[in-house]
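Reading the structure
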Amino acid sequence: MCLQWQTDLTQAAEQVLKDKASIQGIILASAKSTFFAGADLKGVMRSQASDGPRVFTEIEGIKKAFRTIETLGVPVVSCLNGTALGGGWEVALIGHHRIATANPKTQFGLPEVTLGLIPGGGGITKMTRQLGLLAAQPYVLESKLFGPEEAQKLGLVHEIVASDDQLRPRALAHIAAAQGQPEAAQHLWDRKDYKMPGGTPSNPKIAGMLSVAPAVLKQKTRGLYPAPEAALAAMVEGAMVDFDTAMRIESRYLAGLMTSQVARNMINTFFFNMNSIKGGQSRPKAAPRYKPQKVGILGAGMMGSGIAYSQASRGIATVLKDREAAEKGKAYSHKLTQKRVDKGRMTADKQAALLSLIQPTASASDLKGCDLIIEAVFENRELKAKVTQEAEPMLAEGGFFASNTSTLPISGLATASANANKFVGIHFFSPVDKMQLVEIIRGAQTMTRRLRVLRLRAGPGQVADCGERLARFLYQPYLWHLCDGRRGMLGEGIPAPVIENLAMQVGMPVGPLAVLDETALSLSVHVLDQTREDFAKEGKTYQATPGELLVERMVKEHKRPGRAAGGGFYDYPAGQKKVLWPELKTRFEKSGVSYSQQDIKDRLLYRQAVETARCLQEGVC
Ligand SMILES: CCCCCCC[C@H](O)CC(=O)SCCNC(=O)CCNC(=O)[C@H](O)C(C)(C)COP(=O)([O-])OP(=O)([O-])OC[C@H]1O[C@@H](n2cnc3c(N)ncnc32)[C@H](O)[C@@H]1OP(=O)([O-])[O-]
C-alpha cells in the first residue's frame, strides 16, 4: 500500500465509477504468489507524530476508493491465490464473494496489533460486522491468523478451489450467475435488514461482557501496548454507529498509532529485525546447515536435563551423562512430556519415541561416536576441565565440544581441550524447554566453521554468534548487570514486592527476583567464588558488588539457593502459586527507606539501554 499503489487505487476507483454502466463485475486478483502484504511498513517507519493529519487523510482516501468499488452495484470477487494480511486482508474484504486456493501455507488475517497498529483499513469495522463483537475479538485484538478452511467456516471465504488457475473461471462464473441479483453486489452490513451477530453494545448481555473487557485487556497488556486498547475501542465505538462513522473512527485511531514511536519500535523489532534474523543474518554465509546425529550432555542438573529434552524433542539421539543423576535428568523429559500427553497435545507413542532417544548413563564410554558433546556442569573451571578431558576422546571424527557456561570465557575453558579449535560455547537459557534463544560463543581459537549454525532446538536465527570480544558473553553480562541492579535495590532496603511489581509494570514478563530464582542463586554464588579465585590467582582481590553479596547471603547464610532447590527469593508451595519469601521483609527491607517508583523504573530500563548500547559498540551481532 505504498504511495504509488494509493494513487493507482484512486485512479482505478475513479475509472470504474466512470465505466459503471458497462461493468458487469469486478475481479480483485494478484499477479504475485502472495495476494497482498498490507500497508507499506517501510513507509510507516518513516512517519512522525506531525504526519498524523496527512496519514489520516491517506487512510480515508484508501477507504473511499474501497467503498467506491464495493458500492458500485456490481458483484466484486476477490481471488485469493495466496496470503492476505493486514491491509491485504482488508483488500480481500472489498469483495462480496471471496474465493481462495486450497493451500495449507496460505494465511489470512489481521496481524496489525502485533506491530503496534490496528486494522484501520476497514478490517475492524468489517470483521466486527461480519462475526459480531465477541467472535471477532481473537482476529482483531489477538491477531489470530487463519487459513482458507477456517475462513470458509467463518463465512469469510465462500469458495475454495484446488488450484490458482481455477480462480478466474470461478470468479467469472459467479459474476455471470449474480447478474440481476442486487444482494450479490452488496455486503451483509450494507443490507437494510442487517443485524450485528450477537448484538450491539446496547444488548445487555454484550454490554455486561464489554464492561469487563478493558480490565481483562489491561491485565494482559499492563497498559503498555496502545494498539489492543485502540482496537477494542474502535470495535465497540464502531458497533454503536453507522458504517461510515465506524470507518472514520478506525482511521483516527490508526493515524495516531501509525505515527507513534511505539509502532515504529514494534515494526522494526517484530517485522524487519525478526525477518533478518530468520533470514540468517547472523549465520556464516557459506556454511551449509548442520544437524548433529548424536549429542552427549555432561551433567544432568537443571540445564543438562533441559538440554537433553531439547535435543530429543528435535529427534536427536542424546546421551545424558552424570555420575548419579542421569536417570533423574531423563525423568525431567518425562515430566515435561507427560504434561502435554495429559492435555492431549502429545500422543503416548510420540512421548515414548522422544524418551527413547535419551540414554541416561554414568559411563563416559557411552558417549562414543557423539558428533557434539555439551558440558553443562557447575561453573567451576577445574570440574569443567576434568569432564572435558574425560569426554573429548569419545567424540566422533570431526565432532566438536561445547560448553554451556554462562560466564566463564571460552578461550580459557578451551585450554583444557586437546582441540581448542573445535571448542565452542553453546549457551542455552533457562528454562531450556521454554527459551528460544541459544547463544553461540567463539573462543579465540575456535575455527569459524565450527560455528556453522546448529539446529539444536530453536528455529533459524534464534542464535547469536557473539564471538568472545566481550571477554564474557553477550547475554550474561546483560542479565548480570540487570540483576545486579535489582539485587542491589533489595539490598538498599526497597521492598521486594515493589521491585517485582515495578519491573512488571515496565514490561518484564516476570519480576527480576523470580528470574534469579529460576536461574538459581547458587549459580551466581558459584560464579562469584570462581571470580574471586581467578582474581586471587592474579594476586588481586575481587570487590563483589552489593547485589552479589546479597545473593551470597541468601545462599550461604539463609540456605535459599533458588527454585530448583526448593526456594530462593520466593517460596514454592506445592500445587500453589509462588509467593515472595516472607522473611525478605525482616531481613532486607529497611523501614523509612525513601524511593521513587519512577526512579526504580528508570533504573531498570536504563540498565538495559546501557547494556544494549555496549553490545552495539562492541560489535556483537
Ligand atoms: C497510509 C496507509 C494506510 C493503510 C491502511 C491499512 C492499514 C493496515 O490495516 C495496516 C497493515 O496492513 S500493517 C501490515 C500488515 N501486514 C503484515 O504484517 C504482512 C507482512 N508481510 C509478511 O508477513 C510476509 O512478507 C508475507 C507472508 C506476506 C510474504 O512472505 P514471504 O513471501 O516469505 O516474503 P518476505 O520475505 O516476508 O517479504 C519479501 C520482502 O517484502 C518485504 N515486505 C513484506 N511485507 C511488507 C510490508 N507490509 N511492508 C513493507 N515491506 C514488506 C519484506 O521486508 C521483504 O523485503 P526484503 O528487502 O526482500 O527483505
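Calculation rules
Residues numbered from 1 in each chain as written. Predicted model: local features only at pLDDT ≥ 70, side-chain atom pairs only at ≥ 80, totals over all residues. Heavy atoms only, no water. Phe/Tyr/Trp six-rings, centres within 6.5 Å; stacked < 30°, edge-to-face > 60°. Helix = DSSP H or I, 4+ residues; strand = E, 2+ residues; numbered from the N terminus. Buried < 20%, exposed > 50% of the residue type's maximum accessible area, 1.4 Å probe, protein only. Lys NZ or Arg CZ within 6 Å of the ring centre and 35° of its normal. Near = heavy atom within 4 Å. Polar contact = N/O pair within 3.5 Å; in protein donor to acceptor, adjacent residues only side chain to side chain. Areas by Shrake-Rupley, 256 points an atom, 1.4 Å probe, with all protein chains shown as cover. Nonpolar A, V, L, I, M, F, W, Y, C, P; charged D, E, K, R; others polar. UniProt positions renumbered as here; feature names shortened; annotations may be inferred. Salt bridge = Lys/Arg side-chain N within 4 Å of Asp/Glu carboxyl O. Expected span 1.5 Å × (residues − 1). Contact = heavy atoms within 4.5 Å. Patch = residues over 30% accessible without salt bridge, like charges linked within 9 Å, V, L, I, M, F, W, Y side chains within 5 Å. Lys, Arg positive; Asp, Glu negative; His and termini not counted. Charge placed at Lys NZ, Arg CZ, Asp CG, Glu CD. Arc of directions from axis to C-beta. Pairing = 2+ DSSP bridges. Axes fitted to C-alpha atoms, helices over the stretch in contact; angles between N-to-C directions. Parallel < 35°, antiparallel > 145°, perpendicular 65-115°, else oblique. Left-handed = near helix turned anticlockwise from the far one by under 90°. Core = buried A, V, L, I, M, F, W, Y, C linked by side-chain atoms within 4.5 Å.

1. Remarks on the packing of aromatic side chains
In total, this model carries ten aromatic pairs according to the counting rule given. Each ring, one from Phe401 and one from Phe423, has its centre 5.5 Å from the other, and the planes form 25 degrees; the classification is stacked. Taken together, the positions of Phe401 in strand S11 (residues 395–403) and Phe423 in strand S12 (residues 423–428) put the pair 22 residues apart, joining distant regions of the chain. Across the pair, Phe423 and Phe401 agree in class, each one buried. Judged by centre distance (6.4 Å) and plane angle (40 degrees), the rings of Tyr570 and Tyr572 are tilted. Against the face of Tyr570 rests Lys578, its NZ or CZ located 5.3 Å from the ring centre.

2. Overview of the site of the ligand
In the region of the ligand, 29 residues are neighbours, and Ala39, Leu41, Gly87, Glu90 and Glu112 sit closest. Between a nitrogen atom of the ligand and a main-chain N or O atom of Ala39, the distance comes to 2.8 Å. Leu41 places a polar main-chain atom, nitrogen or oxygen, 2.9 Å from a nitrogen atom of the ligand. Protein burial of the ligand: of its 1,100 Å² of free accessible surface, 66% is covered by the chains. The set of elements that each furnish at least two residues to the shell around the ligand consists of helix H2 (41–46), helix H3 (52–70), helix H4 (87–92), helix H11 (243–258) and helix H12 (261–278). The dominant element in the shell around the ligand, judged by the number of residues it contributes, is H3, at three residues. When the residues that make up the shell around the ligand are grouped by side-chain class, the tally is 16 nonpolar, eight polar and five charged.

3. Side note on the UniProt feature "domain: 3-hydroxyacyl-CoA dehydrogenase C-terminal" (unreviewed entry) in the chain
Residues annotated by UniProt as "domain: 3-hydroxyacyl-CoA dehydrogenase C-terminal" (unreviewed entry) correspond here to residues 489–572. For residues 489–572, the helix share is 60%, the strand share is 2%, and the end-to-end C-alpha distance is 23 Å.

4. Here we look at the pattern of salt bridges
One pass over the full model with this rule turns up 26 salt bridges. The closest approach of N and O atoms between Arg587 and Glu583, which form a salt bridge, is 2.4 Å. With Arg587 and Glu583 both in helix H23 (residues 583–588) and four residues apart, this pair spans about one turn of that helix. Residue class for Arg587 comes out partly exposed when judged on its relative accessible area of 37%. Since its relative accessible area comes to 32%, Glu583 is described here as partly exposed. Salt bridges here are not isolated pairs; linked through shared partners, they connect Arg67, Glu70, Lys126, Asp190 and Asp244.

5. Focus: helix H10 (residues 226–239)
A rise of 1.5 Å per residue sets the reference length of H10, with its 14 residues, at 20 Å; its end C-alpha atoms lie 20 Å apart and thus fit the reference within 8%. Taken residue by residue, H10 has Ala227, Pro228, Ala230, Ala231, Leu232, Ala234, Met235, Val236, Gly238 and Ala239 as its buried positions. Each element contacted by the buried residues of H10 is listed here: helix H5 (123–131), helix H6 (137–140), helix H9 (204–221) and H11.

6. Here's the deal with a positive patch on the surface
On the surface, Lys335, Lys339, Arg340, Lys343, Arg345 and Lys434 cluster together to form a positively charged patch. Turning to its location among the elements, Lys434 is positioned in the loop between S12 and strand S13 (438–442).

7. Some points on helix H14 (residues 326–342)
For H14, spanning 17 residues, the distance from its first C-alpha to its last is 24 Å, which sits close to the expected 24 Å at 1.5 Å a residue. For H14, the full list of buried residues reads Ala326, Gly329, Ser333, Leu336, Thr337 and Val341. Buried residues of H14, viewed axially, fall in a sector of 145 degrees; they line one side. Among the exposed residues of H14, those oriented more than 90 degrees off its buried face are Glu327, Lys328, Lys335 and Asp342. Residues of H14 that are buried in the fold lie against helix H13 (302–312), strand S8 (317–321), helix H15 (348–356) and strand S9 (358–361). In the segment just after H14, Gly344 is the residue with positive phi, at about 75 degrees.

8. Structural notes on the environment of Arg614
Inspection of the secondary structure puts Arg614 in helix H24 (residues 597–617). Classification of Arg614 by relative accessible area gives partly exposed; the value is 29%. Residues Arg614 and Arg191, 423 residues apart in the sequence, show an inter-C-alpha distance of 60 Å.

9. What to know about the sheet that holds strand S1 (residues 26–28)
The four strands are arranged S1-S2-S4-S6 in an open sheet whose pairing can be described as parallel. Of all strands in the sheet, those with a lone pairing partner are S1 and strand S6 (159–161), marking the two edges. Ignoring which end each strand starts from, the neighbouring axes of this sheet average 20 degrees apart. The pairing of strand S4 (residues 97–101) with S6 spans three bridges and is classified as parallel. Paired with Ala100 across the two strands is Ile160, which belongs to S6.

10. Description of the environment of Glu150
When you line up the elements, Glu150 lands in helix H7 (residues 148–153). The partly exposed category is assigned to Glu150, whose relative accessible area is 24%. Sequence separation of Glu150 and Met394 is 244 residues, and the distance between their C-alpha atoms is 51 Å. Discounting residues that sit within four places of it in the chain, Glu150 has contacts with Tyr139, Lys144 and Leu145. At a separation of 2.9 Å, a polar atom in the side chain of Glu150 contacts the side chain of Lys144.

11. Some thoughts on the packing of H10 against H11
In helix packing, the relevant descriptors are the interaxial angle and the interaxial distance, both defined with respect to the helix axes. In the contact formed by H10 and H11, the axes pass within 9 Å of each other and the chain directions differ by 170 degrees. Relative to H11, H10 is oriented roughly antiparallel. Considering the relative orientation of H10 and H11, their crossing is right-handed. Contacts between H10 and H11 involve Pro226, Ala227, Ala230, Ala233, Ala234, Glu237 and Gly238 from the first element and Ala246, Ile249, Glu250, Tyr253 and Leu257 from the second. Among the residues making up the contact of H10 with H11, the classes are represented as nine nonpolar, one polar and two charged.

12. What about the nonpolar core?
Ranked by size, the top nonpolar core spans 70 residues in total, and within it Ile26, Trp89, Phe108, Met127 and Val140 carry the most contacts. With eight residues, the top contributor of residues to this core is H10. When near neighbours in sequence (up to four residues on either side) are disregarded, Ile26 contacts Val16, Ile69, Leu72, Val74, Pro75, Val76, Val77 and Ile175.

13. Let's talk about the packing of helix H19 (residues 496–505) against helix H20 (residues 512–519)
The N-to-C vectors of H19 and H20 enclose an angle of 95 degrees; their axes lie 7 Å apart at closest approach. Here H19 is positioned roughly perpendicular relative to H20, judged by the angle of their axes. Only Pro512, Leu513 and Ala514 of H20 make contact with H19, whose side of the interface consists of Ala496, Ile499, Glu500 and Ala503. Residue composition of the contact of H19 with H20, by class: six nonpolar, no polar and one charged.

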